[in-house]
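Structural overview
Now for the letters of each chain:
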Amino acid sequence: MDFDRLVHEAWPAFERQAYGDWILRYADGVTKRANSVLPLGRPADLGAAIGAAEEFYTARGTRTAFSMGPGVVPELDAELDRRGYEVVDPTAVMARSGDTPGPAHRVRIEEHPWRAWVDTWWAVDGRYAEGRQAAERICAGVPAWYAAVEEDGVPLAVGRAVPQGDTLGIFCMATLPEARRRGLGRSVLRALLLRGGSRPAYLVVTRRNETAQALYASEGFTFRQGYHYRVR
């Protein structure tokens, strides 16, 4: 799997500009994934390429960020370090294939996010004072499935799955703090995997989130690669 491309396509910035093989992405500053350079390939002039990226983000009033996956040329990381770019959010890509047990809870799945689904996801993962509208626009940028375990009409645990040909991407996994340790997130994950049929699946999780990594590992996901951001 080309995880860099898959994640890029499943979490689409609504402004994208090519610089050679690099993709400069912007989505009102909401999430680094949609507001960073995807530096694929080797530019003819590395310094000029970095300069073009810096001009792009400066013009939009945000910090310059690079998504640094295994396909990045080594000299880019070294050059960004020399320029004072800090390492941010080391992240793991995990993937799995095979059979999936049924969920232990009833899971609602829709093809569009409903208001209460977004409320729950944003309550857990909304790291921005503003930006909910931009985040919803990112989610709606590609066809996806939205799942939730609900009680009295309130989603307690949610998740999003993006069918990408013969692959399934899992995103937006979130459980309200007061509803954790009940297996609700596990049920959401299983329901989305079952909806995806026999597709191999992948997901991304920050390295510091050891609890989530343990959950995913118990469901058959294994580490495939890591990446981080360089931000200044």
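This text follows the structure it describes.
Let us look at the structure shown here. Sequence order sets the numbering: in each chain, residues are counted from 1 along the sequence as written. At least 70 in pLDDT is required for a residue's local features to be given in this predicted model, at least 80 for side-chain atom pairs to be given and counted, and no such filter applies to totals for whole chains, interfaces and linings, which use all residues. Processing note: side-chain calculations cover all non-hydrogen atoms of the structure and skip hydrogens and water entirely.

**Some details on the overall build of the protein**
- Where helices and strands are cited, they refer to DSSP runs of H or I of at least four residues and of E of at least two residues respectively, numbered from the N terminus. Counting its regular elements, the protein contains seven helices and eleven strands.
- The globule rule used here is 2.2 Å times the number of residues to the 0.38 power, and the radius of gyration it is set against is calculated over C-alpha atoms. The C-alpha atoms of the protein give 18 Å as radius of gyration, which agrees with the globular expectation for 232 residues (17 Å, within 12%).
- Across the 232 residues that make up the protein, the buried fraction comes to 51%.
- The contact criterion used throughout is that any non-hydrogen atoms of two residues lie within 4.5 Å. Contacts in the protein between residues at least 24 apart in sequence constitute 69% of all its contacts with a sequence separation of at least 6.
- Summing over all exposed atoms, the protein offers an accessible surface of approximately 11100 Å²; the carbon and sulfur share of this is 46%.
- Between the averaged position of the 30 positive side-chain charges in the protein and that of its 29 negative side-chain charges there is a distance of 3 Å. Burial classes: relative accessible area under 20% of the type maximum marks a residue as buried, over 50% as exposed, and values in between as partly exposed (1.4 Å probe, protein chains only). Here the open area of atoms and residues is found with the Shrake-Rupley method and a 1.4 Å probe, where only the protein chains shown may cover a residue. Here Asp and Glu are counted as negative and Lys and Arg as positive; His is not counted, and neither are the chain ends. Here the site of a charge means atom NZ of a Lys, CZ of an Arg, CG of an Asp or CD of a Glu.

**Some details on the packing of aromatic side chains**
- Ring pairs shown here join Phe, Tyr and Trp side chains whose ring centres sit within 6.5 Å, with only the six-membered ring taken for Trp; geometry is labelled stacked below 30 degrees between planes, edge-to-face above 60, and tilted in between. Counted by the stated rule, this structure contains twelve aromatic pairs.
- Between W121 and W122, the aromatic rings sit 5.8 Å apart at their centres with planes inclined by 70°, giving edge-to-face as the arrangement. W122 matches W121 in its accessibility class, with the two residues each being buried.
- Three or more aromatic residues joined by ring pairs make a cluster, and in this case those are F3, W11, W117, W121, W122, Y146, F171 and Y202.
- By the criterion adopted, a ring carries a charge over it if an Arg CZ or a Lys NZ lies within 6 Å of its centre and within 35 degrees of its normal. A cation sits over an aromatic face here: R195 above W145, 4.9 Å from the ring centre.

**As for the environment of A27**
- Within the secondary structure layout, A27 lies in the loop between β2 (22-26) and β3 (37-39).
- Look past the residues within four positions of A27 in its chain and what remains in contact with it is A13, F14, A34, N35, A134 and I138.

**Description of empty space enclosed by the protein**
- For each structure, a 1 Å grid was placed over the protein atoms alone; sets of points admitting a 1.4 Å probe that cannot get out are labelled cavities, open sets with protein on both sides within 12 Å along at least five of seven lines are labelled pockets, and lining residues have an atom within 4 Å of a point. Grid points are joined across faces, edges and corners, and a volume is the space filled by probe spheres set on the points. In total, this model carries one cavity of 30 Å³ or more according to the counting rule given.
- What the largest cavity holds in volume is close to 80 Å³.
- Lining the largest cavity, in full, are D4, V7, H8, R25, R33, L38, S67, Y227 and Y229.
- Of all the elements in the fold, those that place two or more residues in the lining of the largest cavity are α1 (3-10) and β11 (222-231).
- Element by element, the count of residues in the lining of the largest cavity is highest for α1, at three residues.
- Residue classes follow a fixed rule: Ala, Val, Leu, Ile, Met, Phe, Trp, Tyr, Cys and Pro count as nonpolar, while Asp, Glu, Lys and Arg count as charged, and any other residue, Gly among them, counts as polar. When the residues that make up the lining of the largest cavity are grouped by side-chain class, the tally is four nonpolar, two polar and three charged.

**Examining the packing of helix α4 (residues 115-125) against helix α5 (residues 132-139)**
- For every element, the axis is a line fit to its C-alpha atoms; helices are fit only across the contacting stretch, and the angle between N-to-C directions ranges from 0 to 180 degrees. One can describe the packing of α4 onto α5 by two numbers: an axis separation of 12 Å at closest approach and a directional angle of 115°. Classified by the angle between their axes, α4 and α5 sit roughly perpendicular to one another. Seen along the crossing, α4 lies across α5 with a hand that is right-handed. Packed against α4, whose contacting residues are R115, V118, D119, W121 and W122, the element α5 presents R132, A135, E136 and C139 at the interface.
- Looking at the contact of α4 with α5, its residues break down into five nonpolar, no polar and four charged. In this scheme, roughly parallel covers angles under 35 degrees and roughly antiparallel covers those over 145, while 65 to 115 is roughly perpendicular and the rest are oblique. By convention, the crossing between two helices is left-handed when the near helix turns anticlockwise from the far helix through less than a right angle, and right-handed when the turn is clockwise.

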